[in-house]
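Each chain, written out:
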Amino acid sequence: MSFIQVDKDSDFPLQNLPYGVFSTKEEPRHRIGVAIGDQILDLSVIKHLFNGPALAKHQHVFDQPTLNAFMGLGPAAWREARALLQTLLSATEPTLRDNAGLRKRAFVPQASATMHLPAHIGDYTDFYSSRQHATNVGIMFRGKENALMPNWLHLPVGYHGRASSVVVSGTPIRRPVGQMKPDNDKPPVFGACKRLDIELEMAFFVGPGNKYGEPIPISRAHEHIFGMVLMNDWSARDIQKWEYVPLGPFLSKSFGTTISPWVVTMEALMPFVLPNPVQDPKPLPYLRDEEPYTFDINLFVAIKGEGMSTPTTICRSNFKHMYWTMKQQLAHHSINGCNLRPGDLLASGTISGPEPESFGSMLELSWNGTKEIPIGSGQSRKFLQDGDEIILTGPFHICALGGLVNCKCRQ
């Protein structure tokens, strides 16, 4: 229990303590904070308290405008920081509780803070690791017999995304324009995307990197995974359909990817770990891992159209539905010697479960535009309309992920 009042339904109890970067009107400097209840603990104010063996010589990382330097310190520093924060915020510890002056400087109401990207994202990779999602898309476009491509069950398929257009929750997204070919018998046309979609994803930030040419073995991959965020990887399906052969998505994805501002550490998520899915055929040796690294994280997507008073949930899914684990993704990414760096972002791909209500994209929910998705107030959707607000949540009291991806689509 914390001396900070935490509502029983809060996403930010003492067990969570996610990291983020914030500023205020009074102090516009970007700084690192930890969420507790409806407050943010400013770590730049209390950096002198991080005096354990792993952090005593690295207190400056809490004065940085991003989490990159802290991420790069590795698991010993992460564990030490989390243990100290849980002690400092506990109801029995007087250091902050009884120091009114320090407490006044160190705590900021979340309502008065502006959140920013938690890290400088040098590189961004998007995987395609939900078997159900890959199967659904394959059935739509290639038929049931050829739903999965021949490589899909042998390696974590992925592509390199555009890091510069990863934005924090709340950033408006403009409807992209580009080339489309709605009629196969006519030349392509240029215009605004008509099939704008969402993708329910999660992503992890890389901690310590690896030297160029030196792969990260799967047995140590967890040492390089700092924590997770919610993600909406916006997708222009009609642009994608025309452009993706032969090199994959380009303009249909690079116009915007939204992540939650709070990074939940892997240590906070470990109580929700599950055995890994059975993989058949068995992966090649460099991808084999017996240690559980699948997580029971309930995820929800809601949509609020213009004129609607409350959002309507259109998807209920769970991160446990992923076929390839984060450790496998990281090991595969680096097996050719590719050097990863602190703050790199690796995304799961669309998270779809076995039931229709757990499909993580409107492409699947509307089955390629053949069905309406009811959203209440007499409205329905096949794809997004201008003014639609999308809310992705993973409530801590259900699954240990605190955060919000909330953004509007506009012309």
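Small disclaimer: the values here were computed from a predicted structure and weren't measured.

Taken as a whole and assessed by the stated rule, the structure comprises 12 aromatic pairs. Seen from their ring centres, phenylalanine 50 and phenylalanine 62 are 4.2 Å apart, and the 25° between their planes marks the pair as stacked. Taken as a pair, phenylalanine 50 in the loop between strand E3 (39-42) and helix H1 (68-71) and phenylalanine 62 in the loop between E3 and H1 lie far apart in primary sequence, 12 residues in all. Each member of the pair phenylalanine 50 and phenylalanine 62 is classed as buried. An aromatic cluster is present here, built from Tyr19, Phe50, Phe62, Phe70, Trp78 and Phe226 joined pairwise through their rings. In this structure, lysine 327 is placed above the aromatic ring of tyrosine 293, and the distance from its NZ or CZ to the ring centre is 5.5 Å.

Within strand E14 (residues 225-233), 9 of the 9 residues are buried, leaving the element largely enclosed by the surrounding structure. Note: strand E13 (residues 200-206) against E14, 7 bridges, orientation antiparallel. By the bridge assignment for E14, phenylalanine 205 is matched with glycine 227. Across 2 bridges, E14 lies against strand E17 (residues 264-265) in antiparallel orientation. The residue bridging glycine 227 from the neighbouring strand is threonine 265, located in E17.

What tends to happen in soluble globular proteins is that the nonpolar side chains get buried as a cluster. In this structure, Met228, Ile314, Phe319, Met326 and Leu330 are the most contacted members of the largest nonpolar core, which totals 51 residues. At 4 residues, the largest contribution of residues to this core is made by E13.

Calculation notes
- Residue positions are counted from 1 within each chain, in the order its sequence is given.
- Side-chain atom pairs in this predicted model are given and counted only at pLDDT of 80 or more, local residue features only at pLDDT of at least 70, and totals for whole chains, interfaces and linings cover all residues.
- Side-chain figures throughout are based on the complete set of non-hydrogen atoms in the structure, without hydrogens or water.
- Pairing of aromatic side chains requires ring centres within 6.5 Å, counting the rings of Phe and Tyr and the six-membered ring of Trp. Pairs whose planes differ by under 30 degrees are stacked, by over 60 edge-to-face, and all others tilted.
- Numbering of helices and strands starts at the N terminus; helices are DSSP runs of H or I of at least 4 residues and strands are runs of E of at least 2.
- For every residue, the accessible area obtained with a 1.4 Å probe (protein chains only) is divided by the maximum for its type, and the residue is called buried under 20%, exposed over 50%, and partly exposed between those limits.
- Both a distance and an angle decide whether a charge sits over a ring: NZ of Lys or CZ of Arg must be within 6 Å of the ring centre and within 35 degrees of the ring normal.
- Only strands joined by at least two bridges in the DSSP assignment are considered to pair.
- Here the nonpolar core consists of buried residues drawn from Ala, Val, Leu, Ile, Met, Phe, Trp, Tyr and Cys, with membership extended through side-chain atoms lying within 4.5 Å.

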